[in-house]
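For reference, the chains in residue letters:
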Amino acid sequence: MRVIPVDTSAATLLVTKLPETKVKDRQTGEVAVDPVTNARLMVLELVFIAAGGSDMIKVTVPEPGIGDGLAMGTPVFLSGLVARPWESEFGGRARHGIAYRADAVMVGTPAPVQG
């Protein structure tokens, strides 16, 4: 599936659920890991505020990319955020959505680009 870069420069991102270990298989409890680095994957929830509206999103981040100081309501910025559309069928029902993945999540706001 296509990977779409997400520009968050005009958005405000706030933590609504702290990072938790991402589980690959709920029945076995197998933990999800990055296929390249083998780092454990974490999931956190954010409110994405932009263009007069807001959405709740779940973002997957490798454990080494989780910055210090995350707390509920904390403004954060994401490095390398991408969106991946997905679809699957389970029990004869089609499901679809967008999965978000970032390289890192850090407290604060990014420095303005100089140029």
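Just so it is clear, the structure is predicted and the values come from calculations on it, not from any experiment.

Draft legend 1. Just the pairing of strand S5 (residues 41-50), in detail. With seven bridges joining them, strand S2 (residues 12-21) and S5 adopt antiparallel strand pairing. From the neighbouring strand, Leu13 faces S5, where its bridge partner is Phe48. Hairpin connection, S5 to strand S6 (residues 53-62): the antiparallel pair is bridged by two residues, and Ala51 has positive phi, about 50°.

Draft legend 2. A look at the nonpolar core. Core analysis: the biggest nonpolar cluster contains 15 residues, and Leu46, Val59, Val76, Leu78 and Val105 have the highest contact counts within it. Mapped onto this core, the elements with two or more residues apiece are S2, S5, S6 and strand S7 (75-79). Beyond its immediate sequence surroundings of up to four residues, Val59 is in contact with Met42, Val43, Leu44, Leu46, Leu78, Leu81, Tyr100, Arg101 and Ala102.

Draft legend 3. Expanded view of the pattern of salt bridges. Following the criterion strictly, the structure yields five salt bridges and no others. A salt bridge links Asp34 to Arg101; its shortest N-O distance comes to 2.4 Å. With Asp34 in the loop between strand S4 (30-31) and S5 and Arg101 in strand S9 (residues 93-101), this pair connects stretches of sequence that are 67 residues apart. A relative accessible area of 10% means that Asp34 is categorised as buried. When the shortest N-O distance is used, the salt bridge between Arg40 and Glu63 registers 2.6 Å. Taken together, the residues span a long stretch of sequence, with Arg40 in the loop between S4 and S5 and Glu63 in the loop between S6 and S7 at a distance of 23 residues. Accessibility expressed as a relative area gives 33% for Glu63, which makes it partly exposed.

What counts, and at which threshold
Residues numbered from 1 in each chain as written. Predicted model: local features only at pLDDT ≥ 70, side-chain atom pairs only at ≥ 80, totals over all residues. Heavy atoms only, no water. Pairing = 2+ DSSP bridges. Helix = DSSP H or I, 4+ residues; strand = E, 2+ residues; numbered from the N terminus. Core = buried A, V, L, I, M, F, W, Y, C linked by side-chain atoms within 4.5 Å. Buried < 20%, exposed > 50% of the residue type's maximum accessible area, 1.4 Å probe, protein only. Contact = heavy atoms within 4.5 Å. Salt bridge = Lys/Arg side-chain N within 4 Å of Asp/Glu carboxyl O.

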